Amino acid sequence: MSTAQPMVSCPQCKKSAPWDTQNAFRPFCCERCKMIDLGKWANEEFRIEQAPDLNDFLDSASHPSLTQ
Ligand SMILES: [Zn+2]
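Remember, predicted model here, so these are calculated numbers, not experimental data.

## Comments concerning the overall build of the chain
Here comes step 1: The secondary structure content of the chain amounts to two helices and two strands.
Here comes step 2: For the chain, the residues scored as buried account for 10% of the 68 residues in total.
Here comes step 3: Contacts in the chain between residues at least 24 apart in sequence constitute 7% of all its contacts with a sequence separation of at least 6.
Here comes step 4: Entry remark: accessible area of the chain is about 6300 Å², with carbon and sulfur atoms responsible for 56%.

## Details of the nonpolar core
Here comes step 1: Formed by Cys 10, Ala 17, Phe 28, Cys 29 and Cys 33, the largest nonpolar core amounts to five residues.
Here comes step 2: With residues up to four places along the chain from it excluded, the contact list for Ala 17 reads Pro 6, Met 7, Val 8 and Cys 29.

## A short note on the coordination of the zinc ion
Here comes step 1: At this site the zinc ion is bound by Cys 10 (SG), Cys 13 (SG), Cys 29 (SG) and Cys 33 (SG), with donor distances of 2.3 to 2.4 Å.
Here comes step 2: Sequence spacing of the donors to the zinc ion: C-x2-C-x15-C-x3-C. No difference in accessibility class separates Cys 29 from Cys 33, as the two residues are buried.

## Describing the side chain of Asn 23
Here comes step 1: Mapping Asn 23 onto the fold places it in the loop between strand 2 (16–18) and helix 1 (31–50).
Here comes step 2: A relative accessible area of 16% places Asn 23 in the buried class.
Here comes step 3: Among the polar contacts listed, one links the side chain of Asn 23 to the backbone nitrogen of Phe 25, at a separation of 2.8 Å.
Here comes step 4: Residues contacting Asn 23, with those up to four places away along its chain left out, are Phe 28 and Cys 29.

How each quantity is defined
- Residues numbered from 1 in each chain as written.
- Predicted model: local features only at pLDDT ≥ 70, side-chain atom pairs only at ≥ 80, totals over all residues.
- Heavy atoms only, no water.
- Helix = DSSP H or I, 4+ residues; strand = E, 2+ residues; numbered from the N terminus.
- Buried < 20%, exposed > 50% of the residue type's maximum accessible area, 1.4 Å probe, protein only.
- Contact = heavy atoms within 4.5 Å.
- Areas by Shrake-Rupley, 256 points an atom, 1.4 Å probe, with all protein chains shown as cover.
- Core = buried A, V, L, I, M, F, W, Y, C linked by side-chain atoms within 4.5 Å.
- Donors = N, O, S within 2.8 Å, 3.2 Å for Na, K, Ca; no water.
- Polar contact = N/O pair within 3.5 Å; in protein donor to acceptor, adjacent residues only side chain to side chain.

Purely geometric numbers; function is a separate question.
See the structure below:
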C-alpha cells in the first residue's frame, strides 16, 4: 500500500515539498525559508513602527465596511 504524500509549494522558494506533519517548518520546505519569511515580516513591522498611519486607520474605521 502506498499513500501519496500531499505536496505543498514552499511560499518562500516555491519548491515542492512534502506536507509532513513532522516538519516543524511547514508550510516552508526548510528552516532557512521560514527564517527568510520571518525576516520579511519583521521588516514590515519595523516599517510600520517607523511610519505610523493612525489617522488613516481611524478614518477608515469610522466608515462602514460597505461603501456606497
Ligand atoms: Zn523553501
